[in-house]
Structures are given as C-alpha cells and as structure tokens.
Amino acid sequence: MHKVLQHILFLIALLCCAPTLFAQYEFIENKGQWDNRILYKAQVPAGYLHLEQGGFNWFFYDDEAFGKIAHSLRHGETENIPKGYNYHILKVDFVNSTNTSVITPASPSAPYYNYYLGNNAERWATHVKGYYQLQLDNIWTGIDMKLYNSPVGLKYDFIVAPNTNTNAIQLKYSGQEAILLHEGKLVVKTSVNTLIENIPEAYQYIGKKKVNVKCNYTLKNGVLGFEVDTYNKNYPLVIDPVLVFVTYSGSTADNFGFTATYDSHGNLYAGGNVSVPTLLPNGKYPTTAGAFQQTFAGNASDNGPYSGFPCDIAISKYDSSGKTLLYATYLGGTDNDYPHSLIVDEYDRLVMLGSTYSTNFPILKNCYDTSKANGNGNSDIVLVKFNIDGTKLLGSTYLGDSANDGVNRGTLVYNFADDFRGDVLVDIKGNILVASCSESKHFPTKMASQSAKNAGFDGVVFSMDSTLENLLWSTFMGGKGNDALYSIKVDDNDDIIVGGGTTSDDLPTTTNALHPKYLGGSADGFIAVYNAANNNALKHLTYYGSAGYDQVYFVEIDRENYIYAAGQTEGNIPIVNAGYGMPNRGQFIAKLGNALDTLLLNTTIGSRIGNPDISLTAFLVDNCDNIYVSGWGANVALHAGSTNGLPVTSTPPAIQATTDGQDFWIAVLTPGAQNLLYATFFGGTQTNDHVDGGTSRFDKRGVIYQSICGSCPKDNFTNFISDIATTPGAAYETNLSPRCSNTSLKLDFQISYSIDAKFDVNPILGCTPMNVQVFDKSYNALNYFWDFGDGTTDTTQNPSHSYTQPGKYRIKQVIRNPNSCNFADSFFRSVEVIDKKVPDFDYTQEDCETTKATFINKASNALGFLWRFSDGTTSTAKELKHTFPSSGSHSVTLITNPGTICEDSITKTITLKDYSDSEWGFPNVFTPQDANGLNDCYTFKGLLADCDKIKIEIFNRWGELVWKTEETQDCWNGTHYKNKDRLPAGVYFVVAKLERLKGDKLDYSGTVTLIR
C-alpha cells in the first residue's frame, strides 16, 4: 500500500522553508557508530533521514508490513508472520554545491546517547548528542541552509545572501520510481510511499509591510529548482500560519472551557470546570496517575452564576504537539470552583487565578489566608501554584472578605461569562500579580492608593510573593458605581498597567489624562498605571471609550512601553492613524503614550455597526508590533454575538474560511493597524462555540493558545457531538462527553521576521561548585550574549558555566539579528547555588549533668541545619544544648542544607556518664614512690570536679594533722602538708566530709596504711 507524505516547501527570497508533517526531528551526531558518510541521522515515521556532505538521503520502509512483523513477534503469532518488508532509498543531492559546508548544531535535545552496536568496539560510541537544529553554511556560495523543528515538524530554510542568484539552489532527486510536477506541486513516487511537496509560497516584509513574492518549482531531468519573481533582496520573508493542534479534553463528564496558556516548551495548559458525576452517570475527567487531585470533590451546590451546574476546576497540560496529555487533575472543594486565568512562572510552573465558593478548597497551611472569609454563598479569590508535573501544590491561598470576591455579579457583566474575567501575571522577580474585582468592604489592602471600597463592585489589583504566603501590595480601584479590572501587564520599569470597565464618573484621573471625564453611556473603559518606584502609587489614569457602552478587556505593552488597549464599544470611536478599520464598529484597538495622555492609534473593527460582534478572549502586540486578537461570537445568553460578516484572508488562506455565525474569529493586523495580515474562523458546524469565562493567550512569537467550550448540544445529555475538526493524532480526537468539552487550540501564525529570546538552564538549583548548561531556545538569533550574574559573560550559543560561590544568580540572554524587526531581545532565568557543607560536630557533657550535652557544629555557613536525636526530638539551630531522657548512649544526626539537592548528613553515637550513680571509693592502703607507677598517692575515688565538695583531714597515731585538702582532685603522696617531709610507713587516721551537689552527704572516718 502506498502512503502519501505531505511535504510543504516554501521558497523565500532570503529564506526558504520546508515544513513537513513529520513530528519532532532529532538530529543525532555520528561519532563512529554509523557509516562515516552520515554526518547526522534523524528518525522519521517509517524511515530515516541521513544528512551527508552535499545532500541528504531518505530511507523509507513499508511501515504496514513492518508493523505486522512487530505485532506477530510481540504476541507470538509466528504462523502468519510476513517474510519481510520492502524499503526504498531516495537520494537528494545539492547540485554544484561547494562540498565544504560547515555544520553547526544547536538546540540540544537529550543529554546524550550511548551506542554499543555489535561486537565491534570501533562502532561503539558514548556521549553522543542530539540536536533539534542544524546550520549548514555555504552550501552554495552565498547560500546557507538551516534545518530545525517547528511546531509541526521539520523545516529547512535556504538563507540567501544579498545579490545572490537563487537559481543556484538545485536539488537532484534520484532513486525514485517517478517524479513530476502536477498542478504546481512536486510529486515523488517511491515503492513504499509518495512524497508531495505543495506549491511553494513566499512572503517578504519590506520594513513592516508584508509583500507576497511569487515562487514556482522548475523540474528538469530530476533536478528541482525555483523560479522567483522580482523581490527586494535586502529583507527576509515569512511563511503561512500553521494549525499545530486541536484536541478535546477526553472528559466523559460535562466540561466547560475557560482559560489557556503556554510554557517555554510550547506546551499548552487548559483550564475549565467539570460537572458533578451524577449529572452524567460515570462521567469523569481523565486525571493522570499521580496528579494532585484524582477525584471530584464537589456536591450539588447552586452557588455561583451557573445555577444547576455543580463543578470543580479541571486542569490539563498537553505537550507542544497536542498528542500527549502530560497531566490532568481536578482542583476544588465541596462547593463550586472556577478558573479565570493561567500563566507559568520562569520555571514553567503553572499559576492559576480562580474563584471558589468552597470552604475547604485545597489551601496550604503556611499560605497568606487559610480560611474562606464567609460561608454564606459568596465567593473568594483563590491563587494556586502547581509543581511542574502537576502532582502537588507549591502554593495556594484564599483572598477575600464577606461578600463576592473575584466573581463579577455587577452591572458590568455584558457578555456571557464576563463574571469570570480577571488576569494573573508573574513578574521578573517571581512575584504574582492579579487584576480582579471585589464586592467586599474589607478586602485586604496594603500600601493602597485606595484603601476603602466605594459602592457596589470595585476593581482590585494586588501582588503576592512567589510562595503565596505574603501579600506585598493591594489596592481598590473604583468610584461610586461598579468597577472591575480584567487585564494586567508590567512594563520595563516594573510599573503595573491595568485595564477594565466602570460605571463610575468619579475615578481619580490624573493630570493631562487623555480623557479625564466619564464619556457617557452605560459603561466606560479605563486604564491605570501604578508607579513601581513609589510603592505602586497611582501614577496615571484615564477613561477610554465613547458616549455609548465601552469596556477595556485587555491591555498590552509593546517594546517601547507604549500601552495598547482592546475591548468592545457600542459608540462611535474615531479612527486615528490606522489604515485598517471601519467607523462605528463593535471592537476597538487603541495605542496610547505611556503617560496615558496621548492617543497614538485608534481603530474599530468588525461587521456590525454600533454592536460588538465578539467577546474578546486574547490579545497581543508582538515584538514587531503586529496586533493579534481572538474572540467568540455566538448567541449564548446576555449580549448576542455573531461571527457572520467578519473578514477572513485568502492569502495566506484562512484555516477555516466559512462560519455558521457562532465561531471564534482570530486575526492579525500589521503594525499600526495598517492592514489585515491574517484572519480565520475557527469552530464547529453544529454548535455555538464560546468560553465560559477566563483568558487565553498568544505568545510573543504569534502562537495562540485558546481554550474553547466546544461541541455543546442544545438538547442536554443526549447527543455525542464532535463538530470541531481536531488534528490527526491529537490526544483526544473526539468529544467523549454527550455535552461540552474543553477544546484546546494551538495555532502558529508563523510571523517569523522577529527574534525572540528564550533559553533553558540545567540545573536551576545545586551546590558549590555548581556547573550549569544553558540550552538556547531562541528564535532567529544571529548573535548571542550571556551574563551569568557573577561578573562572567559568554558569546557562544549554548555555553556552560561553573558557579563557585553560593547565592542566587540571574542569567541574562541577549540575542541580536540586524535583519529582524526588533534587532535585539532579552530573556532571564534564575539559578540558586547552595554552599555544600560536609557535616560534622563535637559534643561535651554538661558539668555536673548526667543527661545534658552541648553540641558544637563544625559545618558553618550551610543554608540550614537539622538535628535529629534518638529520643525523637529535632532542632534547626546551628548550635545547641540538648537534654536526653537518660544517661548512656544516644544517636545524634546532623543534616546540612536539609530539603535541598545539597543535603548531607552525619550520625554519631555519644555516651553520657551518669554522675549521680558514681560510687565513692575509700582506699585503705597506698605505696608512694615505689617506682611501679601504681597506687602512688591517696585520694577518694568517684569525686567530680566542680560537682562534689570534700574536706579531708589525715592524722598520725599521735593525733597530729599531717595532710588536709578541700579539692576533690587532690592526692596525698605521703608527705607532711607543711614541711613536705616524708612520713614513715604505718597506719594513719582519715576524717572526711563529702557532699554531692545533686546527691547525698557523707561523714567518713577510717584508716589508711602507708607502705614503703
């Protein structure tokens, strides 16, 4: 059976790209384990790619026959096992190439591989590395090639230097059964499959304007070339948008879509809520093994806006291809819980802003607020931080007071699910910032610009530390009407920018504000800036909108710190300095000066006059000032939206060109809103696509991560509908619930003429000396600069570094590319180095004590200490005294840097003498100066210095005092205490008084014989 492998090639004036439908390619270096002609090898579905000097080879095999063989061997079915399988080698040569290309690998994959192939040790290789990117310089004079992984698989770019003839690019195919051009496509037939390379397309940006460049294949005698129309050879080009993946959630219970975000690896996190299982018998969210919360915790409560839908939060994390569910978990208590916004911190740990009616929401005991402020059916804000694999919470806290917090129940609810708007952000210091709303009079504030709430709902904005244990700053923002904040950003000065909606005409607008007065209508939008240099005091505030209804749902910051706003309007907002837009439409985009005193750009977009088409869910201004917007239009309660009449593009073609009027609309405008660069619909054909709250996100590369409440039938619980087209191999290709599914969309717009700094570092926590490896994950960089935070710098792509001193360090990456729109970009990650201390200690028994010891720590300057004693007690003091329950032997363990990667320990057995039970001894004979070293002097035994008291007097037979002492350790050597004369042998009389400080008293009299 022949199989068709689609292989799209995009030739560009300076950049030629060829994405395939193959998944992630890993280029493994050849260190002698393979034939020496192979430089790098990549495994592909049903085959391999061998990169050689001067070309590459495809090795394909019949995967169907191969699979049958593997299945038969695995299950012991030897009777029907195929005798073999066919394979085919397709060779592609770079015609007239220099054959001197230098290959530079980048973006390492796994740490390394070891190959022990057969018995020939010459074919053994260790520490073999794999890479996701290769740069081949000077294949033809002035033409380089870059092979790398995109979200959809392999791409290769031909990078053509200025004034270089693209006709030099010629690819000679050999070994195929047939090769031809058909309707502009290249078709290559082998004995086991067919390769199709689609019609080449090319785009070029001249300044910031997109220009299409016509490009066609040429084919002569098996040599593939390219015919390119006239183009500006000083500018690079970009390629089509690519639908990376679409997947359902796999829930068999009713599952609403709310919010989505991404991490540094392009993984997608989807947040929604899921119904109580009794609504759908045996319905369940597909939680993964080890996930934080495996089961539904809710009950039949009707608290919250969604009456009749008892629910928990449901979180899923998908890999960058959408084919693998990395983790999935419930999150919630016994009442209703809702997610609003998701974000990850710099270590890719998920942070969630949500709201809850549960008094037993999963809260950590050391968090800022461990108890819900009320139990009367009102909501509290909740903030949660997960560890990287979703198995436990690193932080979790309530925030609120006696009324509704986080859930907007006021007059500003315009679209369905506006109740659950709000935004969370993690700043460069790791602090967590939130924009939301509160109805509570005593919502917690700190260093507030507005410490008291006015009537109705007020906006709230606050920040907490990374542990969610400490509130750093919090303020109300509102007037005598209703107010809510929906979006938050932080600029390069650490100033906090928020946007929202208001019905108050008394907000504290600032001097020279663009609109210092309320503009009219049922609501106005507003934007505020808080000054980081002045304890986050209010710095700027302006109203924004028209004489009709307006709200600001999103704010954004460009690379020059100008402030963008996007939202809805029913009024007439004028078009200013924009080339794209139509008057009096329902969605606005504005650009303001960073003091909110100047309008730099204004436009309105949409189909309906004075009536919003869509409810906005995501907004972005990328590094090249392209403007991205996403939203849904459907007749779902409250304001009825519609996607009918909204424009889509044909070049590049929309992912979905038609709409049933109840879809998502996703669009990109060129810088300055001069043109519509790209627009598409997305959604099902039978149901109304929407979200039930929350925010989704674009990343700065122009990839959208969108959560959708999809495939919801009108007749509840009776139909299984999967009307959204998922991608092949998606984690869940069909909707498993007879109701809704939180559908996740990842769409890459491929607006690739910017550069984007990003890197991983391993490890992020270690002990001295700590060796770190940096893995570049940037996009389109030509030059690199690294600052490791300890005075050391580097300019290689993937440097390593050793930290010798303990501390917290911030690694900074700066990339540059003079051909990009933003020229330079930077990114930061933090590492912590702990001083490795080998533990050791000494001890002394306390004077006169039988159970107490003093411990001397010989491992100073560790991050922390933990003592464990055999009596079950512990201590974190550096040095200490400890009382044991008894004398005798005891086990003591000292742990340095407890709970860290640098933890070390030592255990010793100590012995404490029981002084209270020591027996007094009364010798009756001694032999001074007999030269044997034994029994040379007379003293009482069992006496302890500083613990016992004694008074001894010794008399001769005539009653003369010959020796005396009150020192416990004194010893009589047989001489007179005054003249030191030697006394004769004989019997002497002893009178003594003994007293223990913590024991008995004794009056003693007896004799001692002195023998000479």
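Definitions and cut-offs
Residues numbered from 1 in each chain as written. Predicted model: local features only at pLDDT ≥ 70, side-chain atom pairs only at ≥ 80, totals over all residues. Heavy atoms only, no water. Patch = residues over 30% accessible without salt bridge, like charges linked within 9 Å, V, L, I, M, F, W, Y side chains within 5 Å. Areas by Shrake-Rupley, 256 points an atom, 1.4 Å probe, with all protein chains shown as cover. Salt bridge = Lys/Arg side-chain N within 4 Å of Asp/Glu carboxyl O. Helix = DSSP H or I, 4+ residues; strand = E, 2+ residues; numbered from the N terminus. Buried < 20%, exposed > 50% of the residue type's maximum accessible area, 1.4 Å probe, protein only. Disulfide = S-S within 2.5 Å. Pairing = 2+ DSSP bridges. Axes fitted to C-alpha atoms, helices over the stretch in contact; angles between N-to-C directions.

**Q** Quick one: what's the story with a nonpolar patch on the surface, residue by residue and with numbers?
**A** On the surface, I764, L765 and I901 cluster together into a nonpolar patch covering about 240 Å² of accessible area. Inspection of the secondary structure assignment puts L765 in strand β51 (residues 765-767).

**Q** Which residues make up unusual backbone geometry, and what values go with them?
**A** With omega at 0°, the peptide bond leading from N762 into P763 counts as cis. Mapped onto the secondary structure, P763 falls in the loop between β50 (759-762) and β51. Backbone torsion omega between T768 and P769 reads -15°, so that peptide bond is classified as cis. As for its placement among the helices and strands, P769 is situated in the loop between β51 and β52 (770-776). Even without a glycine there, the phi angle at D348 is positive, about 65°. When you line up the elements, D348 lands in the loop between β27 (337-344) and β28 (350-356). Classification of D348 by relative accessible area gives buried; the value is 6%. Even without a glycine there, the phi angle at N561 is positive, about 70°. Take N561: it is sitting in the loop between β39 (550-557) and β40 (563-569).

**Q** How would you summarise the state of the cysteines if you had to cite specific residues and measurements?
**A** The full count for this structure, using the stated rule, is two disulfides. The disulfide partner of C937 is C971, and the gap between their sulfur atoms is 1.6 Å. Torsion about the S-S bond of the C937 and C971 cystine: about 105°, corresponding to right-handed handedness. Residue C937 is found in the loop between β65 (925-926) and β66 (948-955), and its partner C971 is found in the loop between β67 (961-965) and β68 (986-996); the two are separated by 34 residues along the sequence. A residue is classified by how much of its surface remains accessible, and C971, at 27% relative accessible area, is partly exposed.

**Q** Quick one: what's the story with the sheet that holds strand β44 (residues 627-632), residue by residue and with numbers?
**A** Read across the open sheet, the four strands follow the order β43-β44-β45-β46; overall the sheet is antiparallel. The sheet terminates laterally at β43 (615-621) and β46 (676-682), the two strands that pair on one side only. For this sheet the average axis-to-axis angle between neighbouring strands, irrespective of direction, equals 10°. Both β43 and β44 contribute to a ladder of six bridges, which runs antiparallel. Bridging across to β44, L616 finds its partner in G631.

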